Each structure stands twice: as C-alpha cells, then as structure tokens.
Amino acid sequence: QVQLVESGGGLAQPGGSLELSCAASGSIFRIVAMGWYRQAPGKERELVARKNSGGGTDYADSVKGRFTISRDNAMNTVYLHMNSLRPEDTAVYYCNAYIYSDLRTWDAYWGQGTQVTVSS
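Conventions adopted
- Residues numbered from 1 in each chain as written.
- Predicted model: local features only at pLDDT ≥ 70, side-chain atom pairs only at ≥ 80, totals over all residues.
- Heavy atoms only, no water.
- Buried < 20%, exposed > 50% of the residue type's maximum accessible area, 1.4 Å probe, protein only.
- Helix = DSSP H or I, 4+ residues; strand = E, 2+ residues; numbered from the N terminus.
- Pairing = 2+ DSSP bridges.
- Axes fitted to C-alpha atoms, helices over the stretch in contact; angles between N-to-C directions.
- Salt bridge = Lys/Arg side-chain N within 4 Å of Asp/Glu carboxyl O.

(A) View of the pairing of strand S7 (residues 67-71). Burial of S7 is one-sided: the residues Phe67, Ile69 and Arg71 facing one way are buried, the residues Thr68 and Ser70 facing the other way are not. Sheet topology places S7 next to strand S8 (residues 77-82); five bridges connect them, and they run antiparallel. Opposite arginine 71, over in S8, you have valine 78 as the bridge partner.

(B) Looking closely at the sheet that holds strand S1 (residues 3-7). Across the sheet, four strands lie side by side as S1-S3-S8-S7; this open sheet has antiparallel pairing. In this open sheet, the two edge strands, each paired with only one partner strand, are S1 and S7. Averaged over all pairs of adjacent strands, the angle between strand axes in this sheet comes to 15 degrees, irrespective of strand direction. Sheet topology places strand S3 (residues 18-25) next to S8; six bridges connect them, and they run antiparallel. Looking at S8, one finds that alanine 23 is bridged to threonine 77.

(C) Region of the structure containing the pattern of salt bridges. Taken as a whole and judged by the stated rule, the model has five salt bridges. Its salt-bridge partner being aspartate 89, residue arginine 38 comes within 3.0 Å of it at the nearest N-O pair. With arginine 38 in strand S4 (residues 30-39) and aspartate 89 in the loop between S8 and strand S9 (91-100), this residue pair connects regions lying 51 residues apart in the sequence. Summarising the burial analysis for this pair, arginine 38 and aspartate 89 share the class buried. One salt bridge connects aspartate 61 with lysine 64, and the closest N-O pair in it is separated by 3.1 Å.

None of the figures reported here should be taken as evidence of function without further support.
Below you can see the structure in the form of structure tokens.
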C-alpha cells in the first residue's frame, strides 16, 4: 500500500516563506510524477506545481516565480518551497503522486492535506 506523508504546513505572514514536504512510501515500483494541489474553502482543488520523473515541471500561473517544486535523489520525496506568500495562498495543500505499485498497476495517490495559512 502506497502512502504519502506531508509536513511543513503552518502559519506564515504575507511575504514570508514555508516549505512543504511529501514522502511516498510502501509498495512503489515507479513514481511517474509528484506534485502539489491546494483547495481553499468554497473553491475547487487546483494544481499548484507538478514534476514528473523526466524533470518536466508545471506551475499554476498564480505561483510562478514564487513557488519552487523539487524532488530528492531517490525520487520518493517532493518539496514545495513557497516564497512571497500572499493571503490568497491560504488553503489546504495536498500532495499527489502517480505511482506504479508493480509493473502493471498504476494509480494516483493523495496525502491527507496540510493547512497553510497566510495572515498578518
């Protein structure tokens, strides 16, 4: 069973920084992609940033130039470094990964979510 464990959420002031991390564990054959989504109350869940195993990266327009996604050498942990935080960044942030648990089985997995609050 694959699990995604997130950490790093919390309270930041506008203009501040936070770093989120997400570690995948369990039955992992290949990680195709890992990324971050967020959802604010009353809003739809949206992509924040995503990186695949080939190094390709996608960012939401709203975070370009402020957030940076990275993965560790083992390809099982993804980070989201958030700079210049704004109140509108306040949301629950969810780690997402596309993983083969064996040669034939592919699924999307989600972390439990971590709250990020940006407020003065």
